[in-house]
Amino acid sequence: MAIDLKAVEQLATDQSSLKAAAGLAKPAKWSGVGASQDGALIWGECAGSGANPYRVMADLRDLGNKCTCPSRKFPCKHVLGLLWLNAEAIVPFVPAETPAWVSDWLGRRRGTSAAKPGSNAPPAGDKDLRAARAAEPEVAEDPKDIARREAQAARRSEETERAILDALDALEQWIGDQLRLGLSGFIDDATSRCRRIAARLVDGKAAVLAGRIDELPSRLLALAAGDRPRAAVVELGKLVLLARAFRAAPRDAEIRRAVAASETRETVLSDPQALRVDARWEVLAEQVQTRRDGLVSQTTWLLNLAPNGPRFAMLLDFFPASAGRRGSVFTPGDRFQAELVFYPSQQPLRALLVRRDASEETPALEWPAADTALGDALTRPLLAEPWVIEMPLLLPQGRIARDETGGAWWRAADGTATLPVAGNTEGLLVGTALMRTAAIWSGNRLTILAAQTSWGRIGSDE
């Protein structure tokens, strides 16, 4: 079953969508492209602006389609790009087993009336395939304009840096006031106090730091009452360290990422010095959190099963809560071969998915052993980034048990370490002999992501 570009043109809502689709109709943008045995269903994953690719699927029998991107256009540019790939056979659509995410979509749309191709599309007169495919002509720019633009950019950068430094001065003064007035009052009134200084940091263009402080009250309230004063002191101390690190190296990309803003996806991908790792990865868990600023953070934790390279990778996406629940492209326990590029860092962790190979049968791989002793794993990362809030760990053999108050604890099999576990751990994790455990350490609690036992893998929700 095949379509032609005329159908893509008719399906596009406007010329800009058609133009964007032409830009996406390139093999480098796509991974996991496939088709059903009869060629009626096609699918693929397209790199977008976030850390995770968008899952795109279409039914060529009636041109029904679906994409996980947040676009309000229907069909979006990714769907049009996938159809364009198929229409011009730019990449092979190899018949393969239908992925579960395509089957789920197909099951939901069965029974609905299928639209005829292009029946809901506007007339094609205002769209032009040739114009969409035409490369934008390069216009020679006046050197004076270039110099003026560079000068303006430099001036904006200096103004931003000055605004951040002023905001950090206000932050340090605020921290001093909280300590002088007493931690008891700070903990009781943390929400309103943190909200005020967070607003000041937003005005001072330190948006990332503002978000961290805005979330501080909820992190404190998640702890037992007796643990909150210590946690508050530790966090305020980390904020002071981060502020002073920024003053010492305001152009350091890693520090700036923790204070003001992250590099764009395009910047990281185009950085020749950025670490790239092609390995087999396992999806440990996904964490979705609605933040106080109205954004939803979607964090996917990956474990590197290869002997070399960073042991963990974190794919992080943000989207507005008003956009509703967003489908994930990963399922905990999935394993796949992929290339990741890491944000520049002394301890590479945050990454972008560059390429994900199609699923294939491979021998089962055991989780690797921890790279360092547990004591070093708990403390060494703090030497490079003392302000870090959380860090992933691979724990050795151990077991989780509860004390008489119901609190959960992880204990190493050799009895050399015991660490508290966050939340009320339920299910199979408690009492089971755990061969390996992947967890996040927040400085006072472990959050279990997944574990391996002698009889299989256990997720945190099992």
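If you're wondering where the values come from, they're calculated on a predicted model, not measured in any experiment.

Caption draft 1: Up close: the overall build of the chain. When helices and strands are counted, the chain shows 14 helices and 17 strands. Here the C-alpha atoms of the chain give a radius of gyration of 25 Å, agreeing with the 23 Å that 2.2 N^0.38 yields for 462 residues. Considering only C-alpha atoms, the chain reaches an extent of 70 × 65 × 40 Å along its principal axes. For the chain, the residues scored as buried account for 45% of the 462 residues in total. At a minimum sequence separation of 6, the contacts of the chain that also span at least 24 residues come to 63%.

Caption draft 2: Here's a closer look at the sheet that holds strand S4 (residues 64–67). Here four strands make up an open sheet; going across it, the order is S1-S2-S3-S4 and the pairing antiparallel. For this open sheet the edge positions go to strand S1 (30–35) and S4, each flanked by a neighbour on one side alone. On average, adjacent strands in this sheet sit at an angle of 10 degrees to one another, irrespective of strand direction. The pairing of strand S2 (residues 41–46) with strand S3 (residues 54–59) spans six bridges and is antiparallel. The residue of S3 that forms the bridge with Leu 41 is Asp 59. Strands in contact with helix H4 (residues 100–109) are S2, S3 and S4; relative to S3, the strand with the most contacts, it is inclined by about 50 degrees.

Caption draft 3: Structural context of the confidence of the model for the chain. Taken as a whole, the chain shows an average pLDDT of 86; of its residues, 92% reach a score of 70 or greater. Looking across the chain, the model is least confident in helix H5 (residues 129–133), with a mean pLDDT of 77, and most confident in helix H11 (residues 228–248), with 95. Low pLDDT, under 50, characterises residues 113–120; the stretch is placed with seven contacts to residues that sit more than four places away or in other chains.

Caption draft 4: Representation of the environment of Arg 61. As for its position among the elements, Arg 61 is in the loop between S3 and S4. A relative accessible area of 47% places Arg 61 in the partly exposed class. Expressed as a C-alpha distance, the spacing of Arg 61 and Ile 448, which sit 387 residues apart in the sequence, is 45 Å.

Cut-offs and rules
- Residues numbered from 1 in each chain as written.
- Predicted model: local features only at pLDDT ≥ 70, side-chain atom pairs only at ≥ 80, totals over all residues.
- Heavy atoms only, no water.
- Helix = DSSP H or I, 4+ residues; strand = E, 2+ residues; numbered from the N terminus.
- Rg over C-alpha atoms; globule rule 2.2 N^0.38 Å.
- Buried < 20%, exposed > 50% of the residue type's maximum accessible area, 1.4 Å probe, protein only.
- Contact = heavy atoms within 4.5 Å.
- Pairing = 2+ DSSP bridges.
- Axes fitted to C-alpha atoms, helices over the stretch in contact; angles between N-to-C directions.
- pLDDT = per-residue confidence, 0-100.

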